[in-house]
Each structure stands twice: as C-alpha cells, then as structure tokens.
Amino acid sequence: PIIKTKSTDSAIELAEYLKEKGAVMYFAYWCHYCALQKELFGKEASARLKLVECAEDGKNNQRQLCEEKGIMQYPSWEINGKITSGALPLEEIADISGYKGSRDF
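Residues numbered from 1 in each chain as written. Predicted model: local features only at pLDDT ≥ 70, side-chain atom pairs only at ≥ 80, totals over all residues. Heavy atoms only, no water.

A few points about the nonpolar core
Inclusion rule: What we call a nonpolar core is a set of buried Ala, Val, Leu, Ile, Met, Phe, Trp, Tyr and Cys residues that are connected through their side-chain atoms within 4.5 Å. The classification of residues rests on relative accessible area computed with a 1.4 Å probe and restricted to protein chains. Under 20% of the type maximum is buried, over 50% is exposed, and intermediate values are partly exposed. Under the DSSP-based scheme used, a helix requires at least four consecutive residues in state H or I and a strand at least two consecutive residues in state E, with every element numbered from the N terminus. We call two residues contacting when some pair of their heavy atoms lies within 4.5 Å.
Grouped together as the largest cluster of nonpolar side chains are 29 residues, with contacts concentrated most on Leu14, Leu18, Tyr26, Phe41, Tyr74, Trp77 and Ile93. When residues of this core are traced back to their parent elements, those giving at least two are helix 1 (9–21), strand 1 (24–27), helix 2 (32–41), strand 3 (76–79) and helix 5 (90–97). Top contributing element to this core by residue count: helix 1, with 5 residues. Leave out the neighbours within four places in its chain, and Leu14 touches Phe41, Leu90, Ile93, Ala94, Ser97, Tyr99 and Phe105.

Looking at helix 2
For clarity, the threshold we go by: The directions considered for the arc are those from the helix axis to the C-beta atoms.
Buried within helix 2 are the following residues: Cys34, Gln37, Lys38 and Phe41. Down the axis of helix 2, the buried set is contained in an arc of 95°. They therefore lie on one face. Turned more than 90 degrees away from the buried face of helix 2, the exposed residues are His32 and Tyr33. For helix 2, the elements touching its buried residues are helix 1, strand 1, helix 3 (43–46), strand 2 (51–53), strand 3 and helix 5. Following helix 2 by one or two positions, Gly42 has its phi on the positive side, about 90°.

What to know about the pairing of strand 3
Looking down a regular strand, the side chains alternate between one sheet face and the other. Quick note on the threshold: The rule for pairing is simple: two strands pair if DSSP sees at least two bridges between them.
The side-chain alternation of strand 3 yields two buried faces, one formed by Ser76 and Glu78 and the other by Trp77 and Ile79. Where strand 1 lies against strand 3, 3 bridges are found, and the strand directions are antiparallel. Bridge assignment links Tyr26 to a residue of strand 3, and that residue is Ser76. Pairing analysis gives 4 bridges linking strand 3 to strand 4 (residues 82–85), with the strands arranged antiparallel.

Remarks on the packing of helix 1 against helix 5
Rules: Interaxial angle, 0 to 180 degrees, is taken between N-to-C directions of lines fitted to C-alpha atoms, where a helix line uses only the stretch in contact. Handedness of a crossing follows from how the near helix is turned relative to the far one, being left-handed for an anticlockwise turn of less than a right angle and right-handed for a clockwise one.
Axis separation between helix 1 and helix 5 bottoms out at 11 Å; the angle between their running directions is 35°. When you trace helix 1 past helix 5, the crossing you get is left-handed. Each of Ala11, Leu14, Tyr17, Leu18 and Lys21 in helix 1 lies in contact with helix 5, whose residues at this interface are Leu90, Ile93, Ala94 and Ser97.

Digging into the state of the cysteines
By definition, a disulfide links two cysteine residues through a covalent bond between their sulfur atoms. What counts here: What counts as a disulfide here is a pair of cysteine sulfur atoms lying within 2.5 Å.
Applying the stated criterion to the full structure yields 1 disulfide. Each sulfur of the disulfide joining Cys54 and Cys66 lies 2.0 Å from the other. The chirality of the disulfide connecting Cys54 with Cys66 is left-handed, given an S-S dihedral of about -80°. Placement of the pair is Cys54 in the loop between strand 2 and helix 4 (63–69) and Cys66 in helix 4, with a sequence separation of 12 residues. In this structure Cys54 comes out as buried when scored by relative accessible area, which is 0%.

Set out below in structure tokens:
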C-alpha cells in the first residue's frame, strides 16, 4: 500500500537513528499492521527505514533470513539485537532503541 501520511521531523530523525543503529523492520507486503506501522512513521521516514520483506511471494523477499531470525509475526522489529513484534507507537520504538531526540511524533 502507498503511504499517505506526511512524516514529522521527529519521525524522520527517529527513522534515521534506527537505520544508523542497524534496526530492521521485518514485514510482509500483505500485512495490514505493517502498513499501519509505516503510516505511523509517514512517507518520508518510512523510506529511510531498513525494511526486510518476509513474504515468500513478496518482491525482493528475504524469506530465509526471516526464518533464521525466527520471525513469526509482522511487523517485527530487530532493535539492539532483540526482536519485538507488533505495530508499535513511535514513542515505544524510541524507548526500545535508546533514541534521545525530539519526540514530537
């Protein structure tokens, strides 16, 4: 699905921070909650995230990596070496990742 929400500056900063830290969002193209997670970030911030497609029939999928990581639910976040599943509020992602920037999400 096309992301329609415009990103806040804080969401963009968080996305850039997550990318720098090596955080990954595992998703499936057909997953409603994955689309919701991307909408929470907004269009510009979502484009900066490291995204890994897990659906076997998804474009550029990395199904084997998803299986190796034990990804069973979408979206799943790998942040600081820990897997957390579900569409999370940006504040929670910021807390988990150690993000200290602006939180005007």
